[in-house]
Amino acid sequence: IEMQVTGKTILDGEIIRIENGKSDFNALQPRLLLENRLKIEFLSQEKPCNYTIFDALMINGHDLTNASLQERQRRLKEFLQTRQNKRIQAVKQYPDIEQGWKEVQEKGLEGLILKRKNSLYVHARSHEWLKVKFWKEAILEFDGYEENPKGITLTNSQGVRVNCAGQQSEQVKQEIDQKGKVL
């Protein structure tokens, strides 16, 4: 992703791949290992990625780490308005938790990050923010597995893949080998 910047700019964000309106980390993973220039160029055109910005540490040489979250977000919004690039965007913000949580549930998203409006930037976990996940529960049946360095990846006929590690992976593998499936 190209962006012209005058002065040093440091943004806290993540490269994501959008599939069906949601961030899909699994769709991004194979691209991280690519080295072939032609494949990289093809996928960047065919299935482009976005850069989603969570926070701004420095914009055009101005250190923002001692500014409040509200000030950092205001400066980030101004910064992005001057760079009309649809692949670079700030993470969506909600005026209240209820509205954000409703969208998380409707879209089946992972969750929310709650931050204090006046919090300073901290380069680690902090009491100034909280990750709230939307847990979903399902009973799945797996009838196959693939070995991986940390254990196994469970597979089924619907294309669902789940990693299983540690001692549990040996028990699950034995059950699939003996019974043909595991729940």
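Everything that follows concerns the structure shown earlier in this document.
These numbers were taken from a predicted model, which means no experiment stands behind them.

Thresholds, definitions, all that
Residues numbered from 1 in each chain as written. Predicted model: local features only at pLDDT ≥ 70, side-chain atom pairs only at ≥ 80, totals over all residues. Heavy atoms only, no water. Pairing = 2+ DSSP bridges. Helix = DSSP H or I, 4+ residues; strand = E, 2+ residues; numbered from the N terminus. Axes fitted to C-alpha atoms, helices over the stretch in contact; angles between N-to-C directions. Contact = heavy atoms within 4.5 Å. Buried < 20%, exposed > 50% of the residue type's maximum accessible area, 1.4 Å probe, protein only. Core = buried A, V, L, I, M, F, W, Y, C linked by side-chain atoms within 4.5 Å.

Draft legend 1. Quick peek at the sheet that holds strand E10 (residues 151-155). Read from one edge of the open sheet, 3 strands run E9-E10-E11, paired in antiparallel fashion. Each end of this open sheet is capped by a strand with a single partner; those strands are strand E9 (144-148) and strand E11 (161-165). Each neighbouring strand pair of the sheet contributes to a mean axis angle of 30 degrees, computed without reference to strand direction. The strands touched by helix H5 (residues 166-179) within the sheet are E9, E10 and E11, with E11 carrying the most contacts at an inclination of about 120 degrees.

Draft legend 2. Highlighting unusual backbone geometry. The phi angle at Asn60 is positive, at roughly 50 degrees, despite the residue not being glycine. Inspection of the secondary structure assignment puts Asn60 in the loop between strand E4 (50-59) and strand E5 (62-63). Among the residues examined, Asn60 registers a relative accessible area of 29% and is labelled partly exposed.

Draft legend 3. Representation of the nonpolar core. Listed in full, the 10 residues of the largest apolar core are Leu11, Tyr51, Ile53, Ala56, Ile59, Leu64, Leu76, Phe79, Leu80 and Ile88. For this core, the elements supplying multiple residues, two or more each, are E4 and helix H3 (69-81). Core analysis: the second largest hydrophobic core is formed by 7 residues, Ile152, Cys164, Val172 and Ile176 among them.

Draft legend 4. Inspection of the pairing of E9 at higher detail. In terms of strand pairing, E9 meets E10 through 5 bridges, oriented antiparallel. Counterpart to Gly144 in the pairing with E10 is Thr155. Between the antiparallel neighbours E9 and E10 lie 2 residues.

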